Amino acid sequence: MLNNLPFAQKQMFRIISDEQMKEFQPDPNAVLAITAEDGYSFSNKKDGELFSKAPGGKHGYFPDFFNIYTGFIGSGAGFKPGSKVHQIGLEDVPAIIASLLKLDYLNDGQARVKPFLK
């Protein structure tokens, strides 16, 4: 189906390989992943265009697309002064909050909370 799309539409996305998917630990039941190219997004509308060209945050990007990353600033009690972490993910935020509030939190060991917490 995807191979039969016009060339112009094929330039709006890329198919994610099995190796790339495994690197980001996706849903183990996933059999296909596609990601929108820069400047495009996917729609889940029943009618209309499958792809749209629009600025701003949208769904449809694989996590290797660094234009979707954002910043995180933590300051105050519990944070090491002057510490910096190159990159954190959304999955790290609940672990950080739980650590600061001394709450029990099931952490799979992947969350990067220790480098900047006291």
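Residues numbered from 1 in each chain as written. Predicted model: local features only at pLDDT ≥ 70, side-chain atom pairs only at ≥ 80, totals over all residues. Heavy atoms only, no water.

Caption draft 1: The arrangement of the overall build of the protein in detail. Of regular secondary structure, the protein possesses three helices and four strands. Look at the contacts in the protein between residues 6 or more apart in sequence, and 39% of them connect residues 24 or more apart. (Helix = DSSP H or I, 4+ residues; strand = E, 2+ residues; numbered from the N terminus. Contact = heavy atoms within 4.5 Å.)

Caption draft 2: Structural view of unusual backbone geometry. The phi dihedral of Lys-102 is positive, around 55°, even though this residue is not glycine. Structurally, Lys-102 can be placed in the segment after helix H3 (92–100).

Caption draft 3: Main features of the environment of Phe-72. Here Phe-72 lies in the loop between strand E4 (51–53) and H3. Between the C-alpha atoms of Phe-72 and Gly-89, which are 17 residues apart in sequence, the distance is 9.4 Å.

Caption draft 4: Just the environment of Gly-71, in detail. Within the element layout of this structure, Gly-71 appears in the loop between E4 and H3. Through-space distance from the C-alpha of Gly-71 to that of Gln-87 is 8.4 Å; in sequence the pair is 16 residues apart.

Caption draft 5: How the structure looks around H3. All of the buried residues in H3 are Asp-92, Ala-95, Ile-96 and Ala-98. Projection of H3 onto a plane perpendicular to its axis shows the buried side chains occupying an angular sector of 165°, all on one side. Following H3 by one or two positions, Lys-102 adopts a phi angle in the positive range, close to 55°. (Buried < 20%, exposed > 50% of the residue type's maximum accessible area, 1.4 Å probe, protein only. Arc of directions from axis to C-beta.)

Caption draft 6: How the structure looks around a nonpolar patch on the surface. A cluster of nonpolar residues, Ile-15, Val-31, Leu-32 and Ile-34, forms a patch on the protein surface that exposes about 390 Å² of accessible area. Here Leu-32 falls in the exposed class, since its relative accessible area comes to 52%. (Patch = residues over 30% accessible without salt bridge, like charges linked within 9 Å, V, L, I, M, F, W, Y side chains within 5 Å. Areas by Shrake-Rupley, 256 points an atom, 1.4 Å probe, with all protein chains shown as cover. Salt bridge = Lys/Arg side-chain N within 4 Å of Asp/Glu carboxyl O.)

Caption draft 7: Expanded view of the environment of Leu-117. For Leu-117, the location among the structural elements is in the segment after H3. Spatially, the C-alpha atom of Leu-117 lies 8.3 Å from that of Ser-99, the residues being 18 residues apart in sequence. Sequence-distant contacts of Leu-117, defined by excluding residues within four places in its chain, comprise Gly-78, Phe-79, Lys-80, Ile-96, Ser-99 and Leu-100.

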